[in-house]
Amino acid sequence: MSEELNPETPEAVEAEEPIKQRKNGLYPGVSDELAENMKSGWADTELHDLRPIAQAAETAARRAALSARFPGERLVVPAGNLKTRSNDTEYAFRASVEYAYLTGNQTEDGVLVLEPTTGGHEATIYLLPRSDRENGEFWLDGQGELWVGRRHSLAEAEKHYGIPASDVRELADKLAEATGPVRVVRGYDAGVEAALTDKVTAERDDELKVFLSEARVVKDAFEIGELQKAVDSTVRGFEDVVKVLDKAEATSERYIEGTFFLRARVEGNDIGYGSICAAGPHACTLHWVRNDGPVNSGDLLLLDAGVETHTYYTADVTRTLPVNGTYSELQRKIYDAVYEAQEAGIAAVKPGGKFRDFHDAAQRVLAAKLVEWGLVEGPVERVLELGLQRRWTLHGTGHMLGMDVHDCAVARTESYVNGTLEPGMCLTVEPGLYFQADDLTVPEEYRGIGVRIEDDILVTDDGNKNLSAGLPRTADEVEAWMARLKG
């Protein structure tokens with residue numbers, strides 16, 4: 001990785017603030033002649049044929065809904081800033097969901113501001129403009145264009161996102177001078193929050209964040225299309241993994257993680273969350289993301305992974321696969337029980353039903369299986385009332401899905417977990433059974449077996465649609481699918 005050039009004298013670069021210097025850079029400074037040379041001789045690269053982003057109409061409608069909810073108030077929604085990974089390297093940037101949902105923009109330091117008007121609000125997107133060639137920023141600063149790539153000019157951004165654009169470096173002063181009620185989405189940009197520190201309250205800001213979370217509960221047509229894209233890529237990623245299970249056996253779970261990641265980066269933006277590539281007893285650890293264990297023939301592989309699209313919508317799919325392609329008798333018995341529970345859960349996903357219905361339906365099936373197998377004392381109603389099945393089912397049976405893998409997380413309880421299903425909602429149905437390796441309450445042959453099956457389910461006008469139906473679910477189908485891919 002190359003080092004930035006390093007001007008050490010204030011005369012080297014004419015700027016209001018000196019460009020950040022690296023202590024141990026190899027160049028002692030920049031001559032006046034070089035500084036002058038770097039200012040000129042560059043072609044005009046302004047983009048004049050930019051078209052609006054695909055979701056421009058949807059983001060405009062979302063801003064209009066936000067405006068209607070908070071009339072007469074200034075609304076501030078930051079994208080967030082780069083975060084340091086180590087020394088002078090940063091984590092890959094991902095804009096805040098609230099900001100990306102309202103603008104479609106994904107660049108660091110951006111801020112959406114809705115200024116109140118007599119008829120609603122006037123939106124402005126505040127961004128960093130093209131890096132400055134006159135003061136040398138574009139080649140001397142670590143975030144300059146020659147180091148990290150070109151960014152849109154403000155004029156380009158206006159065309160692209162359909163929102164008037166201004167220089168974000170002027171925003172703090174504007175916000176500090178603002179009068180009247182203000183709300184800000186907190187937790188993403190300390191500088192923005194500092195400029196508003198005497199103008200906002202935690203309660204009012206929480207209301208803004210809750211509204212933006214609830215706005216995403218029902219997906220529009222664009223969002224549903226993006227979720228399907230994410231799922232389709234995820235299906236291909238699972239197929240990739242099955243084809244290289246022999247290489248995973250020769251190495252570790254990391255081979256599975258890397259294989260799926262390749263598909264996510266080729267077809268999407270990234271993985272939507274840390275891939276769970278849990279072989280053998282690791283399948284009993286719900287969020288096993290270390291992925292450093294062995295992959296052995298005869299064991300199960302619990303693969304919980306999702307591709308995130310370029311617009312931040314993620315899939316969330318789980319399959320539990322026999323590494324050697326064939327379930328043992330006990331593995332199949334446990335797998336079939338989880339499949340039966342998932343079938344009951346999916347059947348309960350329909351408009352007008354309660355969000356909790358699919359969880360209750362799946363848990364009832366699993367509780368009955370545990371009683372049938374003699375692992376817990378019945379009757380089933382007693383088990384469910386006391387929650388005794390949770391020793392082995394552990395988690396809830398699903399969650400909302402969208403731009404966050406656990407989407408709409410700060411929505412009001414009455415709008416989410418205690419709410420009613422509507423067409424356009426997208427959720428996961430993911431029951432599981434997990435018999436820990438050290439669980440002395442179950443027969444020894446059960447210990448270390450974990451099974452989860454998870455699909456992404458869209459609520460439709462007349463029931464539901466399984467977006468991830470491209471992956472097999474029954475034990476027989478899984479075995480046949482694996483044999484075909486390996487063959």
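Residues numbered from 1 in each chain as written. Predicted model: local features only at pLDDT ≥ 70, side-chain atom pairs only at ≥ 80, totals over all residues. Heavy atoms only, no water.

K.L.:
Any details on the packing of aromatic side chains? Residues and values, ideally.
P.N.:
A full pass over the atoms with the stated rule returns eight aromatic pairs. Arranged with centres 5.8 Å apart and planes meeting at 80 degrees, the rings of Phe70 and Phe211 form a pair that is edge-to-face. Of this pair, Phe70 sits in the loop between α2 (56-69) and β1 (74-78) while Phe211 sits in helix α9 (residues 202-214); the two residues are 141 residues apart in sequence, bridging distant segments of the chain. In this structure Phe70 comes out as buried when scored by relative accessible area, which is 0%. Seen in terms of ring centroids, Tyr327 and Tyr335 are 4.9 Å apart; in terms of plane orientation they differ by 40 degrees. Their pairing is tilted. (Phe/Tyr/Trp six-rings, centres within 6.5 Å; stacked < 30°, edge-to-face > 60°. Helix = DSSP H or I, 4+ residues; strand = E, 2+ residues; numbered from the N terminus. Buried < 20%, exposed > 50% of the residue type's maximum accessible area, 1.4 Å probe, protein only.)

K.L.:
Break down the layout of surface pockets for me, with residues and values.
P.N.:
Roughly 450 Å³ of volume is contained in the second largest pocket. Taken together, the residues of the lining of the second largest pocket sort by class into nine nonpolar, nine polar and six charged. (1 Å grid on protein atoms, 1.4 Å probe; cavity = no way out; pocket = protein on both sides within 12 Å on 5 of 7 lines; lining within 4 Å. Points joined across faces, edges and corners; volume = space filled by probe spheres on them. Nonpolar A, V, L, I, M, F, W, Y, C, P; charged D, E, K, R; others polar.)

K.L.:
So what about the pairing of strand β15 (residues 449-452)? Which residues, and what values?
P.N.:
For a regular strand, side-chain orientation follows a simple rule: the groups alternate between the two sheet faces. Residues Ile449 and Val451 line one face of β15 and the alternating positions Gly450 and Arg452 line the opposite face, and both faces are buried. Where strand β14 (residues 432-435) meets β15, four bridges bridge the pair, whose relative direction is antiparallel. The residue bridging Tyr434 from the neighbouring strand is Gly450, located in β15. (Pairing = 2+ DSSP bridges.)

K.L.:
Explain the UniProt feature "domain: Aminopeptidase P N-terminal" (unreviewed entry) in the protein chain to me, using residue names and the numbers behind them.
P.N.:
Mapped onto this numbering, the UniProt entry gives "domain: Aminopeptidase P N-terminal" (unreviewed entry) at residues 54-193. The annotated region residues 54-193 carries 34% helix and 22% strand content, and the separation between its end C-alpha atoms amounts to 31 Å. (UniProt positions renumbered as here; feature names shortened; annotations may be inferred.)

K.L.:
If you had to explain the environment of Gly149 to someone new, which residues and values would you point to?
P.N.:
Topologically, Gly149 is positioned in the loop between α5 (145-148) and α6 (154-161). Accessibility expressed as a relative area gives 31% for Gly149, which makes it partly exposed. Spatially, the C-alpha atom of Gly149 lies 9.7 Å from that of Ser131, the residues being 18 residues apart in sequence.

K.L.:
So, the sheet that holds strand β6 (residues 165-167): which residues are in play, and what are the values?
P.N.:
The five strands lie next to each other as β6-β5-β4-β1-β7, forming an open sheet whose pairing is mixed. Edge positions in the sheet fall to β6 and β7 (182-184), since each has one partner strand and no second. Pairs of neighbouring strands in the sheet enclose a mean axial angle of 25 degrees, with direction left out of account. Two strands pair when backbone bridges link them, and β1 and strand β4 (residues 111-117) are joined in this way by four bridges, in the antiparallel orientation. Each bridged residue has a counterpart across the sheet, and for Val77 the counterpart in β4 is Leu112. On the sheet, α6 packs against β5 (120-127) and β6 and is oriented at approximately 150 degrees with respect to β6. Sheet strands touched by α9: β1 and β7. Its angle to β7, the strand with the most contacts, is close to 60 degrees. (Axes fitted to C-alpha atoms, helices over the stretch in contact; angles between N-to-C directions. Contact = heavy atoms within 4.5 Å.)

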